[in-house]
Amino acid sequence: MQLDILNIEGKKTGRTIELPEEIFGVEPNNHVIYLAVKQFLAAQRQGTHKVKTRAEVKGASRKLHKQKGTGGARKGNIRNPLYKGGGTIFGPKPHGYGFKLNRKVKDLAKISALSVKAAENSIIIVEDVKLDTPKTKQVVSMLKALNITASAKKTLVVTPEYNDNLYLSLRNIPSVGGAMLSDINTYDIMNSNYIVFTESAAKIFTEEPVEA
């Protein structure tokens with residue numbers, strides 16, 4: 001898959017980059033994408049919900065009246081779940097919602113998600129953005145030049161390493177986020193309308209793996 005490298009003004013630089021087909025051109029596996037997104041969202045849940053059982057609510061522990069001879073139903077103490085203010089039966093308890101996915105499944109999900117975006121022509125390669133200080137206005141101009149409306153389209157800007165000035169600039173723009181290439185996940189990819197790779201980040205895909 002060959003893409004043009006654009007400058008921050010949205011114009012072609014005359015350079016291109018060949019993205020590997022084994023990452024950006026595979027047949028997407030929708031089920032593993034679903035599993036990876038489900039795992040990510042489940043991990044975000046705090047799971048701190050809690051109700052009080054009959055052992056934890058306020059109230060005396062004495063038996064309300066004797067077992068037999070009253071003509072009424074048998075009763076325990078006032079903390080019985082049948083009474084107002086009593087404990088809750090089978091209520092929620094704190095627990096985690098996370099679940100495990102094998103590394104190969106997560107890798108396949110990420111590759112499938114990138115292939116989906118590549119098929120939708122939603123991947124853009126832009127030359128490295130260098131900012132001396134945080135400049136939100138400059139980044140907004142760059143996105144407009146790339147035909148991305150920040151207020152209407154979710155965009156993920158991917159860099160090879162942490163770029164403090166760029167991330168601070170992106171932080172003030174609605175629906176736009178930044179991430180390092182090593183940190184992006186399937187949810188980030190699928191939740192974005194456009195993926196903007198800086199030139200240095202995109203070139204990592206073309207590098208030959210180093211043998212140990």
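Just so we're clear, the structure is a prediction, and the values are computed from it rather than from any experiment.

**As for the overall build of the protein chain**
The helix and strand inventory of the protein chain stands at 7 helices and 6 strands. Listing each helix as α and each strand as β along the protein chain from the N terminus yields β-β-α-α-α-β-α-β-α-β-α-β-α. By the compact-globule yardstick of 17 Å for 212 residues, the protein chain is too spread out, its C-alpha radius of gyration being 27 Å. Across the protein chain, every contact between residues at least 6 apart in sequence was considered, and the portion connecting residues at least 24 apart equals 67%. Taking the average place of the 32 positive charges on the side chains of the protein chain and the average place of its 20 negative ones, the gap between the two points comes to 29 Å.

**A word on the pairing of strand β2 (residues 12-18)**
Where strand β1 (residues 2-6) meets β2, 4 bridges bridge the pair, whose relative direction is antiparallel. Across the sheet, Gln 2 pairs through a bridge with Glu 18, a residue of β2. The antiparallel pairing of β1 with β2 creates a hairpin that spans 5 residues between the two strands, and Gly 10 there sits at a positive phi of about 80°.

**What about the confidence of the model for the protein chain?**
Low pLDDT means the predicted atomic positions in that stretch should not be read closely. Of all residues in the protein chain, 96% have pLDDT values of 70 or greater, and the mean over the chain is 90. Within the protein chain, helix α2 (residues 30-44) carries the highest mean pLDDT (96), whereas β1 carries the lowest (88).

**With respect to the sheet that holds β2**
Taken in spatial order, the 6 strands of this open sheet run β2-β1-β3-β6-β4-β5, and their pairing is mixed. Edge strands, defined here as strands with exactly one partner in the open sheet, are β2 and β5 (176-180). Along the sheet, successive strands turn relative to each other by an average axial angle of 30°, direction set aside. Relative to strand β6 (residues 194-198), helix α7 (residues 199-206) is tilted by about 85°, and along the sheet it contacts β1, β2, β3 (123-126), β4 (155-159) and β6.

**Quick notes on the domain arrangement of the protein chain**
What the domain assignment reports for the protein chain is domain 1 (2-45 + 96-206) and domain 2 (49-95). Each of domain 1 and domain 2 has a C-alpha centre, and the two are 54 Å apart.

**A look at the packing of α2 against helix α3 (residues 103-119)**
Interhelical geometry of α2 versus α3 gives an angle of 110° and a closest axis separation of 8 Å. Classified by the angle their axes make, α2 and α3 are roughly perpendicular. In this structure, α2 uses Val 32, Ile 33, Ala 36 and Gln 39 to contact α3, whose residues at the interface are Val 105, Lys 106, Leu 108, Ala 109, Ser 112, Ala 113 and Val 116. When the residues that make up the contact of α2 with α3 are grouped by side-chain class, the tally is 8 nonpolar, 2 polar and 1 charged.

**What about the environment of Arg 103?**
Positionally, Arg 103 belongs in helix α3. By relative accessible area, which is 55% here, Arg 103 ends up exposed. Taking the C-alpha atoms as reference points, Arg 103 and Ile 189, 86 residues apart in sequence, are found 17 Å from one another.

**Looking at unusual backbone geometry**
Both trends apply: most residues other than glycine have a negative phi, and most peptide bonds are in trans. Here Asn 121, not a glycine, exhibits a phi torsion of approximately 55°, which is positive. Of note, Asn 121 is situated in the loop between α3 and β3. At Asn 147, a residue that is not glycine, the phi angle is positive and equals roughly 65°. With respect to the element layout, Asn 147 can be found in the loop between α4 (136-145) and β4.

**Regarding the packing of aromatic side chains**
Applying the stated criterion across every chain yields a total of 5 aromatic pairs. Seen in terms of ring centroids, Phe 197 and Phe 205 are 5.6 Å apart; in terms of plane orientation they differ by 90°. Their pairing is edge-to-face. Here Phe 197 and Phe 205 have matching classes, each one buried. One aromatic cluster is present, built from ring pairs that chain together Phe 24, Phe 197 and Phe 205. For the cation-ring pair, Arg 45 lies above Tyr 97, with the distance from its terminal atom to the ring centre recorded as 3.6 Å.

Basis of the calculations
Residues numbered from 1 in each chain as written. Predicted model: local features only at pLDDT ≥ 70, side-chain atom pairs only at ≥ 80, totals over all residues. Heavy atoms only, no water. Helix = DSSP H or I, 4+ residues; strand = E, 2+ residues; numbered from the N terminus. Rg over C-alpha atoms; globule rule 2.2 N^0.38 Å. Contact = heavy atoms within 4.5 Å. Lys, Arg positive; Asp, Glu negative; His and termini not counted. Charge placed at Lys NZ, Arg CZ, Asp CG, Glu CD. Pairing = 2+ DSSP bridges. pLDDT = per-residue confidence, 0-100. Axes fitted to C-alpha atoms, helices over the stretch in contact; angles between N-to-C directions. Domains from an automatic or database assignment. Parallel < 35°, antiparallel > 145°, perpendicular 65-115°, else oblique. Nonpolar A, V, L, I, M, F, W, Y, C, P; charged D, E, K, R; others polar. Buried < 20%, exposed > 50% of the residue type's maximum accessible area, 1.4 Å probe, protein only. Phe/Tyr/Trp six-rings, centres within 6.5 Å; stacked < 30°, edge-to-face > 60°. Lys NZ or Arg CZ within 6 Å of the ring centre and 35° of its normal.

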